[in-house]
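Observations on the model geometry
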Amino acid sequence: MDDAPDWEFSERDICILKELSRDPQLSSRKLADRLAEEYDIDVSHVTVSESVRKMREEGVFRDAILINEAYFNFTLMEFKFDTSEYADRWREAMEYIRDDEHTLFYSLSTGTYQWKTIMMFPGREAESRWVHEFYKEHGDAIDNLRNHALHNVLKFRTDPGLLDTLKTE
């Protein structure tokens, strides 16, 4: 699992991230104009482009293509472990889920169901096949798998206001 980026946020960085979270397709020129208009930050588009590139390279943010939810079924899956086989089989199962093409988001959590993933499937039949194949390959490490269809995805983005918490005093 990756370490957090080593990055000290400037006010300009935070403003750039806020604007990119509103519109990830903004050009450097439009972003420089928006910084001047909205935040009274006068900077060239070349500097903006360089800042974005450096933040991207350092891992401050990740680029992702998020397909419109109308094209796929989104599913929340939660995995509970079988402790009798877990020690020997957990890594294979974890990597299988993490590296699977259907996995959009994968995290570890506290509680009884400690692995959670949001997956995308072209239909319910594909989801059912995936669960069947997963149990065939890794069922001895898993006590139970709960899957929940996620209907009507209402928000799927980072809210720009949250980025204000990155400010350093």
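So, a few notes on the structure that sits alongside this text. (Residues numbered from 1 in each chain as written. Predicted model: local features only at pLDDT ≥ 70, side-chain atom pairs only at ≥ 80, totals over all residues. Heavy atoms only, no water.)

Moving on, we get to the overall build of the protein chain. Of the regular secondary structure elements, the protein chain holds 5 helices and 4 strands. If you list the helices and strands of the protein chain from N to C, you get α-α-α-β-α-β-β-α-β. Principal-axis analysis of the C-alpha atoms gives the protein chain an extent of 60 × 35 × 25 Å. Counting across all 169 residues of the protein chain, residues that qualify as buried make up 32%. For the protein chain, restricting intrachain contacts to residue pairs at least 6 apart in sequence, the fraction spanning at least 24 positions comes to 66%. When the accessible surface of the protein chain is split by element, carbon and sulfur atoms take 47% of a total near 11,300 Å². Across the protein chain, 22 positive and 36 negative side-chain charges occur, with their mean positions spaced 3 Å apart. (Helix = DSSP H or I, 4+ residues; strand = E, 2+ residues; numbered from the N terminus. Buried < 20%, exposed > 50% of the residue type's maximum accessible area, 1.4 Å probe, protein only. Contact = heavy atoms within 4.5 Å. Areas by Shrake-Rupley, 256 points an atom, 1.4 Å probe, with all protein chains shown as cover. Lys, Arg positive; Asp, Glu negative; His and termini not counted. Charge placed at Lys NZ, Arg CZ, Asp CG, Glu CD.)

Counting 18 residues, the largest nonpolar core has I16, L17, L31, L35, V48 and V52 as the members making the most contacts within it. If one sorts the elements of this core by residue count, helix α1 (residues 11–22) sits on top with 5 residues. Leave out the neighbours within four places in its chain, and V52 touches I16, L20, L31 and F61. Counting residues in each nonpolar core, the second largest holds 16 residues, with F81, A93, Y106 and I142 among its members. (Core = buried A, V, L, I, M, F, W, Y, C linked by side-chain atoms within 4.5 Å.)

Here we come to the pairing of strand β2 (residues 103–108). Pairing analysis gives 5 bridges linking β2 to strand β3 (residues 115–121), with the strands arranged antiparallel. Its bridge partner lying in β3, L108 is registered against W115. Between β2 and β3, which pair antiparallel and follow one another directly, the connecting turn spans 6 residues, one of which, G111, has a positive phi of 100°. (Pairing = 2+ DSSP bridges.)

For the largest pocket, the calculated volume is near 1,900 Å³. Lining the largest pocket we find 43 residues, and of these F61, R62, D63, A64 and T158 sit closest to its centre. Every element with two or more residues in the lining of the largest pocket is listed here: α1, α2 (28–39), α3 (45–58) and β2. Partitioned by chemical class, the residues of the lining of the largest pocket number 24 nonpolar, 9 polar and 10 charged. (1 Å grid on protein atoms, 1.4 Å probe; cavity = no way out; pocket = protein on both sides within 12 Å on 5 of 7 lines; lining within 4 Å. Points joined across faces, edges and corners; volume = space filled by probe spheres on them. Nonpolar A, V, L, I, M, F, W, Y, C, P; charged D, E, K, R; others polar.)

On to unusual backbone geometry. Phi is positive for D40, which is not a glycine, with a value near 55°. Among the structural elements, D40 can be located in the loop between α2 and α3.

Tallied over the entire structure, the rule returns 17 salt bridges. Across the pair R34 and E19 runs a salt bridge whose closest N-O atoms are separated by 2.7 Å. One end of the pair, R34, is in helix α2; the other, E19, is in helix α1, with 15 residues separating them in the sequence. Look at R34 and you get partly exposed, because its relative accessible area is 26%. Residue E19 is classed as buried on the basis of its relative accessible area of 3%. Across the salt bridge formed by D99 and R98, the nearest N and O atoms sit 2.8 Å from each other. (Salt bridge = Lys/Arg side-chain N within 4 Å of Asp/Glu carboxyl O.)

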